[in-house]
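Geometric and topological summary
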Amino acid sequence: MAANTSTISLPRWVKEFSPRPKEYVKGLFKTLAFLKMKEYERESEVFRGKYKTSLHQFEKKIRSQKKERFDAWDDYLLWKGFEEARQKIPKEYTFKDKV
């Protein structure tokens, strides 16, 4: 999959605010990505605490149940989504030297 790249023009205030504006903006984007990753970790932790197990073990449990529990499946889908999004962030948000 090809990486999406964007070129942005920095506003004048950023150039006036920081002696190294490109590094400043890269730092902001890295911080935002890190905060989003932490948010997904917190959401996953809620499910880990609720079910007292890992996502992998929870998946095996709900797939093996004879009677479908919709609330558990809803939680599974949310939990899996949070984990996939958390794992995707470090892969997707890479920064090259050129900003």
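Our structure is the block above this text.
Presented here is a report on the structure given in the accompanying data block.

Parameters at a glance
- Residues numbered from 1 in each chain as written.
- Predicted model: local features only at pLDDT ≥ 70, side-chain atom pairs only at ≥ 80, totals over all residues.
- Heavy atoms only, no water.
- Buried < 20%, exposed > 50% of the residue type's maximum accessible area, 1.4 Å probe, protein only.
- Helix = DSSP H or I, 4+ residues; strand = E, 2+ residues; numbered from the N terminus.
- Arc of directions from axis to C-beta.
- Axes fitted to C-alpha atoms, helices over the stretch in contact; angles between N-to-C directions.
- Parallel < 35°, antiparallel > 145°, perpendicular 65-115°, else oblique.
- Left-handed = near helix turned anticlockwise from the far one by under 90°.
- Contact = heavy atoms within 4.5 Å.
- Nonpolar A, V, L, I, M, F, W, Y, C, P; charged D, E, K, R; others polar.

1. Description of helix 3 (residues 55-64)
Turning to helix 3, its buried residues are L55, F58 and I62. Looking straight down helix 3, one finds its buried side chains confined to an arc of 60 degrees; they lie on one side. Residues of helix 3 that are exposed and point over 90 degrees away from its buried face: R63 and S64.

2. Notes on the packing of helix 2 (residues 21-51) against helix 4 (residues 70-92)
Packing of helix 2 against helix 4 leaves a shortest axis separation of 9 Å and a crossing angle of 150 degrees. Judged by the angle between their axes, helix 2 and helix 4 are roughly antiparallel. Along this stretch, helix 2 crosses helix 4, giving a crossing that reads as left-handed. Listed contacts from helix 4 to A33, K36, M37, Y40, E41, E43, S44, F47, R48, K50 and Y51 of helix 2 are D71, A72, D75, L78, W79, F82, E83, A85, R86, I89 and P90. Tallied by class, residues from the contact of helix 2 with helix 4 come to 12 nonpolar, one polar and nine charged.

3. Re unusual backbone geometry
Within the chain, K52 stands out as a residue other than glycine whose phi angle is a positive 55 degrees. Assignment of secondary structure puts K52 in the loop between helix 2 and helix 3.

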